[in-house]
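Here are the chains, one letter per residue:
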Amino acid sequence: MTIHSLRNAAAWRLIAAVLALPMSIAAFAEAAMSGSMKPLGSVRFAPDNDVRCLLSALETGDPATGPSTWILKAPVGCVVPWHYHTAQEQLMVVVGEVRAEMTGRQPSLLGPGGFAMMEGGMAHQFTCQGREACVMFVIFDRAYDIKWGKRP
């Protein structure tokens with residue numbers, strides 16, 4: 001074996017190890033958790049405390065102390081007005097069309113599978129558009145807080 005082929009083999013092993021790491025971490029995290037599964041039809045939505053047209057359900061985590069995942073449901077025309085959080089927020093559209101707006105970015109219409117990520121402190125707002133209610137997953141990477149309006 002030449003030095004060149006040894007380097008290539010070592011490089012491929014390193015690449016394989018790096019690619020396998022996220023799967024190993026995910027498997028470890030899954031094994032460490034009790035796990036849960038829930039069909040969308042069984043989600044018990046409750047009126048949101050801040051936005052009257054919005055329904056929400058906490059899926060995982062404790063928003064008072066750490067990361068959390070929420071499912072939101074909004075009728076057509078519902079606007080979640082400008083706000084921001086300390087935490088990073090990730091939004092994934094499951095059903096409907098969501099107009100996502102962020103400071104410093106062009107508005108975007110997100111359909112099923114659409115994704116938006118807002119770093120902590122980035123002001124944003126969402127509007128459910130289209131012909132059907134919107135369903136979205138929202139994930140926060142740390143304790144949840146909300147500040148209304150565009151960031152000063």
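Structure shown above.
Residues numbered from 1 in each chain as written. Predicted model: local features only at pLDDT ≥ 70, side-chain atom pairs only at ≥ 80, totals over all residues. Heavy atoms only, no water.

Participant: Explanation requested: empty space enclosed by the protein in the structure shown.
Facilitator: Gaps left between atoms are located by rolling a probe of water-molecule size over the structure's atoms. Using the criterion set out here, one finds 1 cavity of 30 Å³ or more in the structure. Computed from the structure, the largest cavity encloses a volume of approximately 40 Å³. Surrounding the largest cavity, Ala74, Cys78, Val80, Val98, Phe126, Thr127, Cys128 and Met136 form its lining. Top element by residues in the lining of the largest cavity is strand β9 (residues 124-129). It accounts for 3 residues. Looking at the lining of the largest cavity residue by residue, the classes come out as 7 nonpolar, 1 polar and no charged. (1 Å grid on protein atoms, 1.4 Å probe; cavity = no way out; pocket = protein on both sides within 12 Å on 5 of 7 lines; lining within 4 Å. Points joined across faces, edges and corners; volume = space filled by probe spheres on them. Helix = DSSP H or I, 4+ residues; strand = E, 2+ residues; numbered from the N terminus. Nonpolar A, V, L, I, M, F, W, Y, C, P; charged D, E, K, R; others polar.)

Participant: How should the pairing of strand β10 (residues 134-140) be read in this particular structure?
Facilitator: With 5 of 7 residues buried, β10 is to be regarded as a mostly interior element. Summarising the sheet, strand β3 (residues 68-74) and β10 pair through 7 bridges and their orientation is antiparallel. Within the sheet, the bridge partner assigned to Lys73 lies in β10 and is Val135. In this structure, strand β5 (residues 89-95) lies alongside β10, joined through 6 bridges in antiparallel fashion. Bridge assignment links Gln90 to a residue of β10, and that residue is Ile139. (Buried < 20%, exposed > 50% of the residue type's maximum accessible area, 1.4 Å probe, protein only. Pairing = 2+ DSSP bridges.)

Participant: Honestly, the layout of surface pockets in this entry has me stumped. Any pointers?
Facilitator: Put simply, the largest pocket is a space of about 340 Å³. Lining the largest pocket are 20 residues, with Asp48, Leu54, Leu72, Tyr144 and Ile146 positioned closest to its centre. When residues of the lining of the largest pocket are traced back to their parent elements, those giving at least two are β3, β4 (79-84), β5 and β10. Each residue belonging to the lining of the largest pocket can be placed in one class, and the counts come to 13 nonpolar, 4 polar and 3 charged.

Participant: How should I be thinking about the sheet that holds β10 in this particular structure?
Facilitator: Paired through backbone hydrogen bonds, the strands of a sheet run either parallel or antiparallel to each other. Overall, antiparallel pairing links the 6 strands, which are arranged β1-β2-β3-β10-β5-β8 in an open sheet. One side of each edge strand has no neighbouring strand; the edge strands of this open sheet are β1 (46-47) and β8 (115-118).

Participant: How do you make sense of the state of the cysteines when you look at a structure like this?
Facilitator: One way to say it: the disulfide is the covalent bond shared by the sulfur atoms of two cysteines. For the coordinates displayed, the defined rule picks out 2 disulfides. Put simply, Cys53 and Cys78 are joined by a disulfide, and their sulfur atoms are 1.9 Å apart. On the sign convention where negative is left-handed, the bridge of Cys53 and Cys78, at about 70 degrees about the S-S bond, is right-handed. Of the two residues, Cys53 sits in the loop between β1 and β2 (55-61) while Cys78 sits in the loop between β3 and β4, which places them 25 residues apart along the sequence. Take Cys53: its relative accessible area is 28%, and that puts it in the partly exposed class. The exposure class of Cys78 is buried, given its relative accessible area of 4%. For Cys128, the disulfide goes to Cys134, at an S-S distance of 2.2 Å. (Disulfide = S-S within 2.5 Å.)

Honestly, that's just the spatial picture; any functional story needs more than this.
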